[in-house]
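Examining the three-dimensional arrangement
Here are the chains, one letter per residue:
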Amino acid sequence: MEKQNIDWGSLGFGYIKTDKRYVSNFKDGKWDDGVLTEDATVCINECAGVLQYAQTCFEGLKAYTTEDGHIVVFRPDLNADRMIDSAKRLEMPVFPKDRFIDAVEKVVLANESFVPPYGSGATLYLRPYMFGTNPVIGVKPADEYQFRILATPVGPYFKGGVKPLTLKVSDFDRAAPHGTGHIKGGLNYAMSLHAIVTAHNEGYDENMYLDAATRTKIEETGGANFIFVTKDGKVVTPKSNSILPSITRRSLMYVAKEYLGLDAQEREIELAELSDMAECGLCGTAAVISPVGKVVDHGKEICFPSGMTEMGPTIKKLYDTLTGIQMGRIPAPEGWIKVIK
Ligand code: PLP
Ligand code: COI
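Since this is a predicted model, take the numbers as computed values, not measurements. (Residues numbered from 1 in each chain as written. Chains lettered and ligands numbered in written order. Predicted model: local features only at pLDDT ≥ 70, side-chain atom pairs only at ≥ 80, totals over all residues. Heavy atoms only, no water.)

1. A word on the environment of P156
By the element assignment, P156 lies in the loop between β8 (145-154) and β9 (165-169). Sequence separation between P156 and C47 is 109 residues; the distance between their C-alpha atoms is 36 Å. With near-sequence residues (within four places) excluded, P156 lies in contact with L11, G12, F13 and G161. (Helix = DSSP H or I, 4+ residues; strand = E, 2+ residues; numbered from the N terminus. Contact = heavy atoms within 4.5 Å.)

2. Quick look at empty space enclosed by the protein
What the rule picks out here adds up to one cavity of 30 Å³ or more. Taken as a whole, the largest cavity encloses approximately 100 Å³ of empty space. In this structure, the largest cavity is lined by 13 residues; those nearest its centre are Y64, F74, T248, T285 and Q326. Those elements that provide at least two residues to the lining of the largest cavity are β5 (61-65), α6 (247-259) and α7 (313-326). Residue contributions to the lining of the largest cavity peak at three residues, all from β5. When residues are assigned to domains, the lining of the largest cavity turns out to be shared by domain 1 (8-154) and domain 2 (165-325), each giving three or more. (1 Å grid on protein atoms, 1.4 Å probe; cavity = no way out; pocket = protein on both sides within 12 Å on 5 of 7 lines; lining within 4 Å. Points joined across faces, edges and corners; volume = space filled by probe spheres on them. Domains from an automatic or database assignment.)

3. Thoughts on the packing of aromatic side chains
Describing an aromatic ring pair means giving the distance of the ring centres and the angle of the ring planes. Across all of its chains, the model carries 16 aromatic pairs by this definition. When the centroid spacing of 4.9 Å and the interplanar angle of 75° are considered together, the rings of F13 and Y157 count as edge-to-face. Within this pair, whereas F13 is found in the segment before β1 (21-27), its partner Y157 is found in the loop between β8 and β9, the two being separated by 144 residues in sequence. When its relative accessible area of 38% is taken as the criterion, Y157 is described as partly exposed. Centre to centre, the rings of F95 and F147 are 3.8 Å apart; their planes meet at 5°, and the pair counts as stacked. Here F95 is found in the loop between α2 (76-89) and α3 (97-110), whereas its partner F147 is found in strand β8, with 52 residues between them in sequence. Ring pairs connect the aromatic residues Y22, F26, W31, F95, F100, Y145 and F147, which therefore count as one cluster. (Phe/Tyr/Trp six-rings, centres within 6.5 Å; stacked < 30°, edge-to-face > 60°. Buried < 20%, exposed > 50% of the residue type's maximum accessible area, 1.4 Å probe, protein only.)

4. Notes on the domain arrangement of the protein
By domain assignment, the protein separates into domain 1 (8-154) and domain 2 (165-325). Taking the mean C-alpha position of each, domain 1 and domain 2 sit 26 Å from one another. Counting each side, the surface lost to burial between domain 1 and domain 2 is near 1,500 Å², with a carbon and sulfur contribution of 66%. The largest contributions to the domain 1 side of the interface with domain 2 come from F58, R82 and R89, which together make up 39% of the buried area. Between domain 1 and domain 2 we count zero salt bridges in total. (Buried area = accessible area lost by both parts, 1.4 Å probe. Salt bridge = Lys/Arg side-chain N within 4 Å of Asp/Glu carboxyl O.)

5. Description of the pattern of salt bridges
The tally for this structure, following the rule as stated, stands at 14 salt bridges. Note that E273 and R267 form a salt bridge whose closest N and O atoms lie 3.0 Å from each other. The exposure class of E273 is buried, given its relative accessible area of 18%. With relative accessibility at 25%, the residue R267 sits in the partly exposed group.

6. Let's talk about the site of ligand 2
Taken together, the neighbourhood of ligand 2 is formed by F13, F58, G60, Y125, R127, Y157, K184, G223, T285 and A286. Between ligand 2 and the protein, one listed contact pairs an oxygen atom with a side-chain N or O atom of Y125 at 2.5 Å. Interatomic distance of 2.7 Å between a side-chain N/O atom of K184 and an oxygen atom of ligand 2. Here ligand 2 is seated within the largest pocket. Partitioned by chemical class, the residues of the shell around ligand 2 number five nonpolar, three polar and two charged. Of the residues that make up the shell around ligand 2, three or more belong to each of domain 1 (8-154) and domain 2 (165-325). (Near = heavy atom within 4 Å. Polar contact = N/O pair within 3.5 Å; in protein donor to acceptor, adjacent residues only side chain to side chain. Sits in = over half its atoms within 2 Å of the grid points. Nonpolar A, V, L, I, M, F, W, Y, C, P; charged D, E, K, R; others polar.)

Shown next, in the form of C-alpha cells:
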C-alpha cells in the first residue's frame with residue numbers, strides 16, 4: 001500500500017482529513033448497521049441535544065506500524081469500556097463493545113495509507129465520539145444519536161517533543177467531587193478551555209488541577225494523568241474519583257511493576273509532596289509520556305531534579321518499555337495489542 005506523501009516527522013497534533021470515517025445512527029431505540037463514508041461533514045438540526053446541552057462524549061486511541069510492518073491498535077477494548085461508562089453517565093445509549101472494536105478496525109484499514117510508517121515518530125490517532133442529534137429544548141437527553149470514528153495522523157501532543165514542560169497550579173477546578181471528571185464528556189474539556197488559554201498566555205505549557213474539595217491534592221491536567229517517581233524510586237500516580245482513568249497510566253503502572261520490577265502505587269498525592277518527587281510525567285494517548293521539569297504554585301517554583309533538558313531516567317525507562325510494546329519491539333501482555341493487518 002502506497003503511503004500518503006506526508007512529512008510524517010514534522011507532524012504536530014492536529015487534524016488532517018483522511019479518506020474514510022465510520023458513522024452509525026441511533027434511532028427508535030437501536031443502532032443502525034453503520035457505514036464508512038467519505039463525507040467529513042456532520043449535518044444536524046439546529047436544536048440538536050449536542051448543540052444545546054453538550055450531550056457528547058469521546059475517546060482517543062492510536063494505530064501504530066510495528067517494527068515488523070504490522071498495523072496494530074493498543075487496548076481498544078478499554079476505550080470501548082470507557083465510552084460505555086461515559087455514555088451511561090451522560091444518559092446516552094451504549095455503543096456495543098464488539099461493534100466499537102470492529103469500527104476501529106474498519107477505519108484503520110480504510111485509511112491505511114495514512115498510518116505513519118514505523119520509526120517516523122507519528123501515529124494514526126483515532127477519535128471515536130457520540131452526540132445527541134435530535135431537537136431538544138427542555139433539559140433532557142436526546143432520543144437520537146450519532147456515533148462516529150475519525151482518523152488523523154499525528155505527531156507529538158506538546159510542541160517541544162520530549163523537552164520537559166512547565167506547569168501552573170491552576171486556580172480553576174476541572175472536576176467536582178461527584179461530577180463528571182471520571183468520564184470523557186466534551187463538557188470537561190469545554191470548561192478547561194479558559195484555564196488552558198490563561199496558562200498559555202502566562203507562558204505555561206499546561207495546568208496542574210487540584211481536587212476541588214480541598215485544593216490540596218494533585219488531580220491531573222486537561223488531557224493527561226500524572227505519574228511521579230519519588231526520590232526513593234517508587235512510581236506513584238494520583239488516586240481520585242474525579243480524574244479520567246487513563247489507559248496509558250493503567251498500562252504504565254503494570255509495566256512499572258511487571259516489566260521493570262518497581263514499586264508502583266496509586267494513592268492520594270498532596271501538592272505539598274511535590275518537592276519529594278524526583279521525576280514527573282504526563283501520561284495519555286496523545287501525551288504518551290511527556291516529562292515535566294517544573295511546576296509553579298503561585299510564584300513558588302518546584303523544580304524536579306530530572307531538570308529541564310531531558311526525561312528523568314525512570315520515566316525514560318517507562319516510556320521506552322511502553323512504546324516498545326506498542327511498536328512491537330517488546331512482547332506485550334496478553335490482549336494489549338490488536339493486530340489489524
Ligand atoms: N486525562 C484526561 C483528562 C484525558 O483527556 C486523557 C486522554 O484521553 C487522559 C487523562 C489519558 O487517558 P488515556 O491514557 O486513556 O488516553
Ligand atoms: C487523548 O489523549 O486521546 C485525549 O483525548 C486527550 C486530548 C487532550 C487530546
